[in-house]
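Summary of the model geometry
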Amino acid sequence: MVTVAPTAGSVGTVETRYLELPKPVPLDCGRELHPVHVAYETYGALSPQRDNAILVCHALSGDAHAAGFSTQAAAHSTRDGFGADDRDGEAGKGLGWWDGMIGPAKAFDTERYFVISTNLLGGCRGTTGPSSPDPATGRPYGPDFPVITVADMVRTERALLDALGIERLAAVAGGSLGGMQAFEWAVMFPDQVDAVIAIASTHALHPQGMAWNAIAREAIMRDAAWQKGRYHDTAAAPDDGMGVARMIGHVTYLSATALREKFGRRLQFADELRYTITEPEFEIESYLRHQADSFVKRFDANTYLYTSRALSYFDLAREHGHGSLSHALAGVEARTLLIAFSSDWLYPPSGSRDIEEALRALGKPVELHVIDAPYGHDCFLLEESQQTPIIRRFLKDPR
């Protein structure tokens, strides 16, 4: 066990826990999944009334370790975000991916709230996913794992909370895919959620985002080492395709301004061009290779495929409103806080505005804040200081 002295506002050292759900999880594809193990962490104390629980949902590449220092030395951190290495250094490897937002006096104040974070269904960081053993064969599921949706992830989270004895949530919060899960909670379990906090998210991924996800999946599946998804028991893994997928995804999380300011057209290794095809000439090329090399060491390629597909499937209007966003949101009872970022072209503010307008027309309590920040979609991981006062005020004032 690695013990690290807590910093100011830190939840300290945290251990990831694991729970096997007592019942099968029904899936949108028509199948059931059992057994299902869920990795989760908690921060703060549950009140005697059990009315102060906040569920935090992670984005595509996150996990259950959202805050504090992990009890296990992390060789490869899940603290994504533009310039995370520059920000965190070596100490950051053990930190949770949203550590700046969860803890005493932070956005999600653990002196007031009991915060729960899980690794989502289909994950590769402790929750049942394609790399988990299939009880029918004893070997990893691989491509035999059922296709999942964001709603399936939420059903799994609901089952975990049932096992923990938590019936109602003071809030569900998350960024990107995490925000999609928060919306699903509000629609699927309207009488069990007091508030939704959706950051850099949307009611449906727009076609450009779907296209980039499709290209990333193709990069993985066209790697010969993918072996139609049955690479887990072999000596090879689709690291090349996975690395390209990570490069594609990472660029979509950034903005042109951020890339220009950090890298420009600076050369990486020399003052002059070296006239090479195979080696990086520019800093941005070297940076993307570093992102790829780091990511393949901690993430499963099949999990990327399944989670990316769930992102593309997500569409509140189609799932719950027969094509109408207003109809989909008609039963929502939660107060809703939407935060978007001016430079985010992957999940642009227009998606949040659509939700705000639909909720407002329905007479539902909602507020939208568009933060002016230059880092693109990664702002939800980086602009903690701008998000914190908005979230703290929203949670403190139920009006």
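Anything mentioned here points back to the structure above.
The residue count restarts for each chain, going from 1 along the sequence in the order it is written. For a predicted model such as this one, the threshold for reporting local features is a pLDDT of at least 70, and the threshold for listing and counting side-chain atom pairs is 80 or more; totals across whole chains, interfaces and linings nevertheless cover every residue. By convention in this description, side-chain values take in all heavy atoms of the structure and omit both hydrogens and water.

1. Focus on the pattern of salt bridges
The cut-off we apply is this: Salt bridges are defined by distance alone: a side-chain nitrogen of Lys or Arg within 4 Å of a carboxyl oxygen of Asp or Glu. Under the scheme used here, helices are H or I runs from DSSP no shorter than 4 residues and strands are E runs no shorter than 2 residues, and both carry numbers assigned from the N terminus. Burial here depends on accessible area, computed with a 1.4 Å probe over protein chains only, as a share of the maximum for the residue type. Under 20% is buried, over 50% is exposed, and the range in between is partly exposed.
Counted by the stated rule, this structure contains 13 salt bridges. Residue arginine 392 pairs with aspartate 109 through a salt bridge whose shortest N-O separation is 3.6 Å. Of the two residues, arginine 392 sits in helix H13 (residues 384-396) while aspartate 109 sits in the loop between helix H1 (84-88) and strand E8 (114-118), which places them 283 residues apart along the sequence. On the basis of relative accessibility, which here comes to 35%, the residue arginine 392 falls in the partly exposed class.

2. Looking at unusual backbone geometry
Note the cis peptide between histidine 34 and proline 35, where omega equals -5°. Residue position: proline 35 is located in the loop between strand E4 (32-33) and strand E5 (37-43). Unlike most non-glycine residues, arginine 50 shows phi in positive territory, near 55°. Tracing the backbone through its elements, the reader meets arginine 50 in the loop between E5 and strand E6 (53-57). Judged by relative accessible area, arginine 50 falls into the partly exposed class, the value being 39%. Of note, glutamine 227 is a non-glycine position whose phi angle comes to about 55°, a positive value.

3. Overview of the sheet that holds E5
Sheet strands associate in pairs through backbone hydrogen bonding, adopting either a parallel or an antiparallel arrangement. Rule in force here: Here a strand pair is declared whenever DSSP counts at least two bridges between the two strands. Fitted lines through C-alpha atoms serve as axes, helices being fitted only where they are in contact, and the angles separating the N-to-C directions of these axes extend from 0 to 180 degrees.
An order of E2-E5-E8-E6-E9-E10-E11-E12 is seen for the eight strands of this open sheet, with the pairing classed as mixed. Two strands in the sheet have a free side with no partner beyond their single neighbour: strand E2 (17-20) and strand E12 (366-371). Ignoring which end each strand starts from, the neighbouring axes of this sheet average 20° apart. Here E6 runs beside E8; their pairing, made up of four bridges, is parallel.

4. Regarding the pairing of strand E10 (residues 195-199)
Counted only if it meets this: Classification remark: right-handed applies to a crossover when, strands pointing away from the viewer, the course from the first strand over the helix to the second runs clockwise.
Most of E10 sits inside the fold, with five of its five residues counted as buried. Here E10 shows no split at all, with Ala195, Ile197 and Ile199 on one side and Val196 and Ala198 on the other all buried. Sheet topology places strand E9 (residues 171-175) next to E10; four bridges connect them, and they run parallel. What sits directly across from glycine 174, in E10, is alanine 198. Traced from E9 through helix H3 (residues 177-188) to E10, the parallel crossover comes out right-handed. Where E10 lies against strand E11 (residues 335-341), five bridges are found, and the strand directions are parallel.

5. So, the packing of helix H2 (residues 150-164) against H3
The line we're drawing: Roughly parallel refers to an angle under 35 degrees, roughly antiparallel to one over 145, roughly perpendicular to one between 65 and 115, and oblique to any angle outside these ranges. Throughout, a residue-residue contact means that at least one pair of heavy atoms, one from each residue, lies within 4.5 Å. Any residue that is not Ala, Val, Leu, Ile, Met, Phe, Trp, Tyr, Cys, Pro, Asp, Glu, Lys or Arg is counted as polar, Gly included; the first ten are nonpolar and the last four charged.
Two numbers describe how H2 lies on H3: the axes approach to 9 Å, and their chain directions differ by 70°. As the angle between them shows, H2 and H3 are arranged roughly perpendicular. Contact residues: Val150, Ala151, Met153, Val154, Arg155, Glu157, Arg158 and Leu161 in H2; Leu177, Met180, Gln181, Glu184, Trp185 and Met188 in H3. In the contact of H2 with H3, the residues fall into nine nonpolar, one polar and four charged.

6. Here's the deal with the packing of helix H5 (residues 239-252) against helix H7 (residues 283-296)
When two helices pack together, you describe them by how their axes are tilted relative to each other and by the distance separating the axes. Condition: Handedness of a helix crossing follows the sense of rotation of the near helix relative to the far helix, less than a right angle counterclockwise being left-handed and clockwise being right-handed.
Between H5 and H7, the least distance of the axes is 8 Å, while the angle of their chain directions is 125°. As judged from the angle between their axes, H5 and H7 are oblique. Classified by chirality, the crossing of H7 by H5 is right-handed. Counted together, Asp239, Met242, Gly243, Arg246, Met247, His250 and Val251 of H5 and Tyr287, Leu288, Arg289, Gln291, Ala292, Phe295 and Val296 of H7 form the full contact between these two elements. Here the contact of H5 with H7 is built from residues that sort into eight nonpolar, three polar and three charged.

All quantities given are derived from atomic positions and should not be read as evidence of function.
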